[in-house]
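Take a look at the letters that make up each chain.
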Amino acid sequence: KDELFCAYAAMILKDSELDITEDNLNTLIKAVGGSIDSFFPALFAKMCQGKDIEGMLKFGGGGGGGGSGGAAAGGTAAAGGGG
């Protein structure tokens, strides 16, 4: 629960273009009525310091669905060619 509060608060802060600091994490968590162990925001803020948080939050569209369709088509062609 504590980790999730910090992770969600950090994402909100990053999206709002605010610094991920202990004070900002605490303020946001308290604003939603949450309470966590006091060391988590400081630890989480230090962990995020100097990291490319925006890069970590980008989701790639890797694909991969086309491979199975190609295999099925190849199997059909091989069956038709053998007869």
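Note that this is a predicted model, so its numbers are computed, not measured. (Residues numbered from 1 in each chain as written. Predicted model: local features only at pLDDT ≥ 70, side-chain atom pairs only at ≥ 80, totals over all residues. Heavy atoms only, no water.)

(A) Examining the overall build of the chain more closely. Helix and strand content of the chain: 5 helices and 0 strands. Within the span of the chain, comprising 83 residues, buried residues form 19% of the whole. Once local pairs closer than 6 in sequence are excluded, the contacts in the chain between residues at least 24 apart make up 51%. Summed over its atoms, the accessible surface of the chain is roughly 6,000 Å², and 57% of this surface lies on carbon and sulfur atoms. (Helix = DSSP H or I, 4+ residues; strand = E, 2+ residues; numbered from the N terminus. Buried < 20%, exposed > 50% of the residue type's maximum accessible area, 1.4 Å probe, protein only. Contact = heavy atoms within 4.5 Å. Areas by Shrake-Rupley, 256 points an atom, 1.4 Å probe, with all protein chains shown as cover.)

(B) The environment of Cys48, seen in detail. Structurally, Cys48 is set in helix α3 (residues 39-48). Spatially, the C-alpha atom of Cys48 lies 7.2 Å from that of Ile20, the residues being 28 residues apart in sequence.

(C) Broad picture of α3. The complete set of buried residues in α3 reads Phe40, Pro41, Phe44, Ala45 and Cys48. Along the axis of α3, the buried positions cluster into a sector of 125 degrees, meaning they face one direction only. Of the residues in α3, the exposed ones pointing more than 90 degrees away from the buried face are Leu43 and Lys46. Immediately downstream of α3, the backbone of Gly50 shows phi near 80 degrees, a positive value. (Arc of directions from axis to C-beta.)

(D) Focus on unusual backbone geometry. Here Glu17, not a glycine, exhibits a phi torsion of approximately 60 degrees, which is positive. Its location among the elements puts Glu17 in the loop between α1 (2-15) and α2 (22-31).

(E) Structural context of a nonpolar patch on the surface. On the surface, Leu4, Tyr8 and Met11 cluster together into a nonpolar patch covering about 300 Å² of accessible area. Its place among the elements puts Met11 in helix α1. (Patch = residues over 30% accessible without salt bridge, like charges linked within 9 Å, V, L, I, M, F, W, Y side chains within 5 Å. Salt bridge = Lys/Arg side-chain N within 4 Å of Asp/Glu carboxyl O.)

(F) Focus on a negative patch on the surface. Together, Asp15, Glu17, Asp52 and Glu54 make up a region of like negative charge exposed at the surface. Its location among the elements puts Asp15 in helix α1. On the basis of relative accessible area, Asp15 is assigned to the exposed category, the value being 69%. (Lys, Arg positive; Asp, Glu negative; His and termini not counted. Charge placed at Lys NZ, Arg CZ, Asp CG, Glu CD.)

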